[in-house]
Amino acid sequence: MRAGGIAYLSWKHLSYRPLRTLTLVAAIALTIYLPLALYVFTSESTRILQERARSTPLLLGPKGSSLDLTLNALYFTSQELPSLKHLAYTKLAKERFGTTIPIHARFHAKEAPIIGTSLAYFDARTLPVAEGRMITRLGDCVIGARLARRNDLHPGDRITSSPENVFDLAGVYPLRMRITGILAANHTPDDDAVFADLKTTWVIEGLAHGHQDLANPTAADAVRKREGNSIQANASVVEFNEVTENNIASFHFHGDPEHYPLSSVILIPKDKKSRALALGAYQGPSSSGQLVIPLDAVTQLTETLFATSKMTFAAFLLLGLTAFALAALVFLLSFRLREREMQTYAKIGARTASLVMLKSTEVAIVLISGIVLALLSAAITKSFSAGLLPQLLN
Amino acid sequence: MNTRFLLATCTLSFLFSCGAKRKSTEIESTHKPTIAVVNYPLAYFAERLAGEFATIIFDAPSDLDPAFWEPTDEQIVRMQQADLILLNGANYAQWAATASLPFESTVDTSSSFEKSFITIESAIKHTHLKEGAEHSHGGTAFTTWMDFRQAGMQATTIATAIGADFPDQKDAVMKNLAALLTDLKELHTVTAKVVSNLNHAPVIASHPSYQYWERAYRLEILSLLWDSEMELGTEAIADLKKVQEANPGVQYFIWDSEPLPAHLEKLKTMGLTCVVVSSCSNRPASGDFLSVMRANIEALAKLSPERS
């Protein structure tokens, strides 16, 4: 029997029972894919997590879990720790250890996180504006490339902040922000975020607002009490939910700006000495915040991830062995059922070696198909893991 | 033939790459630092301190008071790209409070004397039911440079910031600062002397922009809300008469810019001698900050009883 004939007969038999063949291929593919995907995902996640952590040398935040702080600043996960005071940022900036970048990652526009920061963030993350221009004033924002593509947003469009609590009827008005630019893609969570000036996030928080001029006679209905130069407004005062050229002058801040909230501050020290000095300055128990090394926090997380994945890997290995044993059983039973068919081949002149070859080819086709399918799926998983990681973290 | 061609190509590529490298180095070395400012006094200080190696960006239109100028988005983007942004502080250029400016390169030039800012009492205050606390939307006098000692402090802050940003120019900047401080000190001494010759008698000013000048040189200034080109209607004259009645013997009227000749005549009939004391907040048509301030002093000297 020639090789072509063996292949033809094997293929005919496999395609005669497509359901059985596909089930076998899928079982083998899944058995190989699951541990492989786990490995690919954990190693890719580790690479991505460490890469972003490396570009964030130090992070100042409130005392608490350094991992929560790091994930909030790097992956814009929900803010679990209490806020840091703006005073902490100005104090750190005055020390001149290096570039200080404030991060206020508390609010959202639908699912997209709104990040209040300074212009230095875009330089630090190498995030140029690909379309439109940079933010220039209160109420402006630039958005990530993926967010823009997903929602078909362009410079000049508006995006509205979501209320933190839908049941808080007396809460802060949502702010309609002007999109001034779309950032270039950098394949990180930045691609899915909305970036605004820190002051804009304070407007969302209700610490700053703009309203009709109470001294103007047209706003008489909104005046509750007037005493000399002092005017007290009632609840009907019209507050602006969008910053425009006409009303920007009316926006003002209430309270002490030093007490305004922040999530964290990224510190990029200018040299090793500044880094050591900065770390030393926040080590004492009397310091108001903590200065963490994001790479350390992320390494801890990846170590935990690896320990968990090792256990899962062992479980998958056992499952895989069982699956292979079952597949072998299916093949053996199938060959037993085809005993008469094999005898017929022998009677018409097929040698024993050819019959072994015929059976082996069938097994090989199924095995190779399963392996190819598993490898293809693993490659797809790798390409998706960069985008999947922030979603899983959130 | 092929070898020759290859050799020629390699030589040309090498020469081209050398040329390109030189060109990029030239571009790098010819990159002139930029310093953005919000008013003319700061532009003048920056020009005196760093004009030799930096370009000063001052985009306010010449016919507008820079304090109330609102830069366009494009102008703000230009400022964002500057190596240094100099703000006056004291609530000057309120657009800066709502603009997105890079924190690292923005310098508040009056922060060293912010505790001595003058608050304008007449600013309207109001409260909101939610917060309860009373607040005002303005109310800080901002012509800080009219007290030449404060101007010196602003110039020193600017020089320190420029020195920190461009360490290789620090010595030259500090040398320029010493010369500028000498000029400002001279302005201060002469102004104090000239003003003291007026015997600290009250004067009327067309506009409330002399608070620091008033405090520094111990004057009593009664401010109106006049513009040098406005029509002096009955209401404006009534306001002036009210001031004159409350302050009998007041002789001098200060304008921020040259008034219309008719105004001079009108005020003369009311017993007032006019003098121009420019705060020079915008770039003058001729001369510079120093020459304008010297012209102010000269005009004031002519008023002094000793001279007359």
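Since the model is a prediction, treat every value here as computed from it, not as a measurement. (Residues numbered from 1 in each chain as written. Chains lettered and ligands numbered in written order. Predicted model: local features only at pLDDT ≥ 70, side-chain atom pairs only at ≥ 80, totals over all residues. Heavy atoms only, no water.)

*Asks:* Pulling in residues and values, what's your account of the overall build of chain B?
*Replies:* Counting its regular elements, chain B contains 10 helices and 10 strands. Within the span of chain B, comprising 308 residues, buried residues form 48% of the whole. (Helix = DSSP H or I, 4+ residues; strand = E, 2+ residues; numbered from the N terminus. Buried < 20%, exposed > 50% of the residue type's maximum accessible area, 1.4 Å probe, protein only.)

*Asks:* I'd like a description of the sheet that holds strand 7 (residues 203–205) of chain B, backed by residues and values.
*Replies:* Within a sheet, each strand pairs with its neighbour through backbone hydrogen bonds, oriented either parallel or antiparallel. Residues and elements named next belong to chain B. Pairing is parallel across the open sheet formed by four strands, whose spatial order is 8-7-9-10. One side of each edge strand has no neighbouring strand; the edge strands of this open sheet are strand 8 (221–223) and strand 10 (273–276). Averaged over all pairs of adjacent strands, the angle between strand axes in this sheet comes to 30 degrees, irrespective of strand direction. Summarising the sheet, strand 7 and strand 8 pair through three bridges and their orientation is parallel. Opposite Ile204, over in strand 8, you have Leu222 as the bridge partner. Against the sheet, helix 10 (residues 289–303) contacts strand 9 (252–255) and strand 10, and its axis sits at roughly 160 degrees relative to strand 10. (Pairing = 2+ DSSP bridges. Axes fitted to C-alpha atoms, helices over the stretch in contact; angles between N-to-C directions. Contact = heavy atoms within 4.5 Å.)

*Asks:* Got a sec to walk through the pairing of strand 4 (residues 112–117) of chain A? Specific residues and values, please.
*Replies:* Residues and elements named next belong to chain A. Burial analysis of strand 4 places six of its six residues in the buried class, the great majority of the element. Burial along strand 4 is two-sided: the face carrying Ala112, Ile114 and Gly116 and the face carrying Pro113, Ile115 and Thr117 are both buried. Connecting the antiparallel pair strand 3 (residues 98–109) and strand 4 is a turn made up of two residues, with Lys110 showing a positive phi of about 55 degrees. By the bridge criterion, four bridges tie strand 4 to strand 9 (residues 194–197) in an arrangement that is parallel. Bridge pairing links Gly116 to Ala196 in strand 9.

*Asks:* Talk me through the packing of aromatic side chains; I want residue IDs and the actual numbers.
*Replies:* Summed over all chains, the structure comprises 24 aromatic pairs over all chains. Centroid distance Tyr121(A) to Phe122(A): 6.0 Å. Interplanar angle 85 degrees. Geometry classified as edge-to-face. Like Phe122(A), Tyr121(A) is buried. Ring geometry for Trp226(B) against Trp255(B): centres 6.0 Å apart, planes inclined by 40 degrees, an arrangement best described as tilted. In this pair, Trp226(B) sits in the loop between strand 8 and helix 8 (234–246) while Trp255(B) sits in strand 9, placing the two residues 29 residues apart along the sequence. Neither residue differs from the other here; Trp226(B) and Trp255(B) are each classed as buried. Clustering of aromatic rings is evident, with ring pairs tying together Phe76(A), Tyr121(A), Phe122(A) and Phe195(A). Sitting over the ring of Tyr75(A), Arg52(A) keeps its end group 6.0 Å from the ring centre. Directly above the aromatic system of Phe335(A) lies the positively charged group of Lys359(A), at a separation of 5.5 Å from the ring centroid. (Phe/Tyr/Trp six-rings, centres within 6.5 Å; stacked < 30°, edge-to-face > 60°. Lys NZ or Arg CZ within 6 Å of the ring centre and 35° of its normal.)

*Asks:* Mind laying out the confidence of the model for chain B, listing which residues take part and the relevant values?
*Replies:* Residue and element names in this part refer to chain B. Here chain B averages 85 in pLDDT, and 83% of its residues register 70 or above. Across chain B, the element-wise mean pLDDT spans from 44 in strand 6 (residues 135–136) up to 98 in helix 2 (residues 40–50). Counting contacts from residues 5–28, a segment whose pLDDT is below 50, to residues more than four positions away or on other chains yields zero contacts. Complex prediction metrics read pTM 0.79 and ipTM 0.77. (pLDDT = per-residue confidence, 0-100.)

*Asks:* Let's hear about the sheet that holds strand 3 (residues 84–87) of chain B: which residues, and what values?
*Replies:* Residues and elements named next belong to chain B. If you trace the four strands from one edge of the open sheet to the other, you get 2-1-3-4, paired in parallel fashion. Each edge of the open sheet carries a strand with a single partner, namely strand 2 (55–57) and strand 4 (106–108). Direction aside, neighbouring strands of the sheet carry axes that sit 25 degrees apart on average. One ladder, built from three bridges, connects strand 3 with strand 4; its direction is parallel. Its bridge partner being in strand 4, Leu86 is matched across the sheet by Val107. Seen against the sheet, helix 5 (residues 148–165) touches strand 1 (34–37), strand 3 and strand 4 and runs at an angle of roughly 170 degrees to strand 3.

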